[in-house]
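# Architecture at a glance
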Amino acid sequence: MQTVAFYTLGCKLNFSETSTIGRQFTDAGFKKIPFEEPAGVYVINTCSVTESANRKCRNIVNKALRSNPAAYVVVVGCYAQLKPREIAAIPGVDMVLGAGDKFRILELAEDFQKGTNACVFNSQIGEVNTFVPAFAQGERTRAFLKLQDGCDYKCSFCTIPLARGRSRSDSIVNVIANAHELQEAGIKEVVLTGVNLGDYGKDQPENFFDVVNELDKRTQIRRYRISSIEPNLLSNRIIEHVAISERFMPHFHLPLQSGSNAILGKMRRRYRRELFAERVASIKSQMPHACIGVDVIVGFPGESDIHFEDTYRFLQQLDISYLHVFSYSERENTHAITLGGVVPKPVRHERSKALRSLSAKKRRFFYEKFVGHFRPVLWETPHPTESHLMVGHTDNYVKVVAPLHSAKLNQVTAARLDEVLPNGNMKGTHA
């Protein structure tokens with residue numbers, strides 16, 4: 001039996017697509033094995049949001065070939081769309097598939113025999129206009145369900161429209177069918193994913209609110225989470241629905257990118273910080289217990305000390321729960337790379353460090369609000385290093401560690417939240 005191993009770089013959407021490609025292989029008779037083991041075929045799904053993601057791709061290819069120098073190596077994903085020839089030049093790579101062809105490995109590879117040169121299949125991104133459904137079922141508890149792909153926004157720092165093409169969506173019929181499949185597999189929590197999730201429905205009769213409403217009514221999944229949604233696309237209607245829903249969790253992740261309106265303008269974002277603050281206030285007024293995560297980029301061209309301090313103070317005052325902090329990374333073929341006012345990398349590092357420290361304080365403050373309270377926890381896995389413990393998340397995304405009860409794994413049960421541990425997790429006690 002042929003063996004295949006997978007490695008995914010980047011976002012939850014990539015994980016859902018890797019999982020779908022994996023099912024294609026297993027349906028064709030391949031045995032899926034861990035990436036660390038010698039496999040006959042390695043498939044690497046790449047990201048290209050940052051420069052480091054590109055370097056990681058080369059490192060992962062080398063890691064695969066150390067396990068099996070004779071392996072057939074396939075590289076797909078965003079980096080493969082943007083830099084196919086660069087990847088093809090990496091020694092040992094046999095096939096490179098861009099956005100329009102990444103689900104056609106079995107069709108295009110034929111017998112998976114290594115050749116002298118890599119085969120490259122890379123359509124023009126303007127020709128990539130079909131939607132391929134995907135969902136990741138990597139663990140029994142949680143799954144990622146792809147609803148939307150591509151992006152019509154033109155943020156000045158971003159290569160995603162060049163890597164994934166125009167916005168396109170799955171039909172509600174397919175979304176519901178995939179959710180039912182996950183439900184039958186025993187999945188308790190589904191995370192809805194997409195490149196620009198709130199833009200769902202530009203090519204469909206329905207919009208994102210319709211998907212949320214239909215999933216709530218027509219499936220029995222215990223929990224849904226919205227992975228990330230642009231603040232200008234998060235309508236009050238969606239917030240109001242989540243506030244009264246038993247299935248959609250009080251957890252939002254909103255990309256801000258900068259708390260300075262001047263920098264938001266240079267980034268070509270479609271909102272200003274006042275709208276962002278309004279969205280946060282709307283969520284908290286209806287769900288005071290809601291968890292709100294925020295994406296922010298530091299070191300964008302032209303970001304002065306004053307701009308950064310403006311961002312820091314804005315975030316400090318917002319009633320949010322944690323930050324995902326990214327240092328600006330120069331990307332070819334973006335408008336941002338032509339802008340002046342380049343921020344030195346040491347300065348980017350210091351600003352990133354400052355915001356990560358703020359994030360830790362925000363998370364601890366959010367967690368401490370619930371000490372002594374009982375909340376429903378989905379117990380996901382045994383603790384990775386402490387065999388007598390188990391790990392789960394509350395409805396509002398507090399990470400809880402409690403004594404291991406194997407019968408409670410993949411179940412939602414009440415737990416008392418006792419104290420915030422030094423590592424930032426919450427210690428819990430079973431009810």
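Here's what I pulled together on the structure shown here. Remember, it's a predicted structure, so these values are computed and weren't measured experimentally. (Residues numbered from 1 in each chain as written. Predicted model: local features only at pLDDT ≥ 70, side-chain atom pairs only at ≥ 80, totals over all residues. Heavy atoms only, no water.)

Applying the stated criterion across every chain, the model contains 13 aromatic pairs. Between Tyr 224 and Phe 248 the ring centres are 5.0 Å apart and the planes differ by 20°, which places this aromatic pair in the stacked class. Remark: Phe 248 occurs in the loop between α9 (236-244) and β13 (251-257) and Tyr 224 occurs in strand β12 (residues 223-226); sequence separation between them is 24 residues. You'll find Tyr 224 and Phe 248 in the same group, each marked buried. Judged by centre distance (5.4 Å) and plane angle (70°), the rings of Phe 300 and Tyr 328 are edge-to-face. With Phe 300 in the loop between β14 (291-298) and α12 (305-317) and Tyr 328 in the loop between β15 (322-327) and α13 (345-368), this pair connects stretches of sequence that are 28 residues apart. Ring-pair connections join several aromatic residues into one group, and the members of that group are Phe 6, Phe 25, Phe 30, Tyr 72 and Phe 112. Positioned above the aromatic ring of Phe 135, the side-chain terminus of Arg 23 is 3.9 Å from the ring centre. The ring of Phe 131 has Lys 146 lying over it, and the distance from NZ or CZ to the ring centre is 4.9 Å. (Phe/Tyr/Trp six-rings, centres within 6.5 Å; stacked < 30°, edge-to-face > 60°. Helix = DSSP H or I, 4+ residues; strand = E, 2+ residues; numbered from the N terminus. Buried < 20%, exposed > 50% of the residue type's maximum accessible area, 1.4 Å probe, protein only. Lys NZ or Arg CZ within 6 Å of the ring centre and 35° of its normal.)

Overall, parallel pairing links the six strands, which are arranged β2-β1-β3-β4-β5-β6 in an open sheet. Where the open sheet ends on each side, the last strands, each with one partner, are β2 (31-32) and β6 (119-121). Where strand β1 (residues 3-8) meets β2, two bridges bridge the pair, whose relative direction is parallel. Residue pairing across strands places Val 4 opposite Lys 32, the latter belonging to β2. (Pairing = 2+ DSSP bridges.)

Reading across from one edge, β13-β14-β15 is the order of the three strands in this open sheet, with parallel pairing throughout. For this open sheet the edge positions go to β13 and β15, each flanked by a neighbour on one side alone. Shown here is a sheet whose adjacent strand axes are inclined to one another by a mean of 20°, direction ignored. Its contacts with the sheet put α12 on β13, β14 and β15, and the angle it makes with β14 is roughly 175°. Along the sheet face, α13 touches β14 and β15 and points at about 170° away from the line of β15. (Axes fitted to C-alpha atoms, helices over the stretch in contact; angles between N-to-C directions. Contact = heavy atoms within 4.5 Å.)

This brings us to the pairing of strand β8 (residues 142-146). A regular strand carries its side chains on alternate faces of the sheet. Within β8, five of the five residues are buried, leaving the element largely enclosed by the surrounding structure. Of the two faces of β8, the one holding Arg 142, Phe 144 and Lys 146 and the one holding Ala 143 and Leu 145 are both buried throughout. Two strands pair when backbone bridges link them, and strand β7 (residues 135-136) and β8 are joined in this way by two bridges, in the antiparallel orientation. When the sheet's bridge partners are listed, Phe 135 is paired in β8 with Leu 145.

Before going further, it helps to examine the packing of α9 against helix α11 (residues 273-286). With their axes 10 Å apart at the nearest point, α9 and α11 run at an angle of 25° to one another. As judged from the angle between their axes, α9 and α11 are roughly parallel. As for the relative orientation of α9 and α11, their crossing is right-handed in sense. For the pair α9 and α11, the contacting residues are Asn 236, Ile 239, Glu 240 and Ala 243 in the first and Arg 279, Ser 282, Ile 283 and Gln 286 in the second. Tallied by class, the residues present in the contact of α9 with α11 amount to three nonpolar, three polar and two charged. (Parallel < 35°, antiparallel > 145°, perpendicular 65-115°, else oblique. Left-handed = near helix turned anticlockwise from the far one by under 90°. Nonpolar A, V, L, I, M, F, W, Y, C, P; charged D, E, K, R; others polar.)

Take Pro 133: it is sitting in the loop between β6 and β7. Distance in space between the C-alpha atoms of Pro 133 and Met 390 is 33 Å, their sequence separation being 257 residues. What Pro 133 contacts, discounting residues up to four positions off in sequence, is Thr 20, Asp 170 and Asn 178.

Ranked by internal contacts, the top residues of the largest apolar core, which has 51 residues, are Leu 192, Phe 208 and Leu 315. Counting 24 residues, the second-largest nonpolar core is a separate cluster that includes Ile 33, Val 61, Ala 71 and Val 93. (Core = buried A, V, L, I, M, F, W, Y, C linked by side-chain atoms within 4.5 Å.)

Here we come to the side chain of Glu 214. Along the polypeptide, Glu 214 turns up in helix α8 (residues 208-218). Leave out the neighbours within four places in its chain, and Glu 214 touches Ile 172, Ile 176 and Thr 219.

On inspection of all chains with the given rule, the structure shows 31 salt bridges. Taking the shortest distance from any N to any O, the salt bridge between Arg 142 and Glu 380 comes out at 2.9 Å. Here the residue Arg 142 occupies a position in strand β8, and Glu 380 occupies one in strand β16 (residues 374-382), the gap between them amounting to 238 residues. There is no split in this pair, since Arg 142 and Glu 380 are both buried. A salt bridge links Arg 364 to Glu 368, with the nearest nitrogen and oxygen atoms 3.5 Å apart. Taken as a pair, Arg 364 and Glu 368 lie in helix α13 at a separation of four residues, close to a single helical turn. Classification of Glu 368 by relative accessible area gives partly exposed; the value is 42%. (Salt bridge = Lys/Arg side-chain N within 4 Å of Asp/Glu carboxyl O.)

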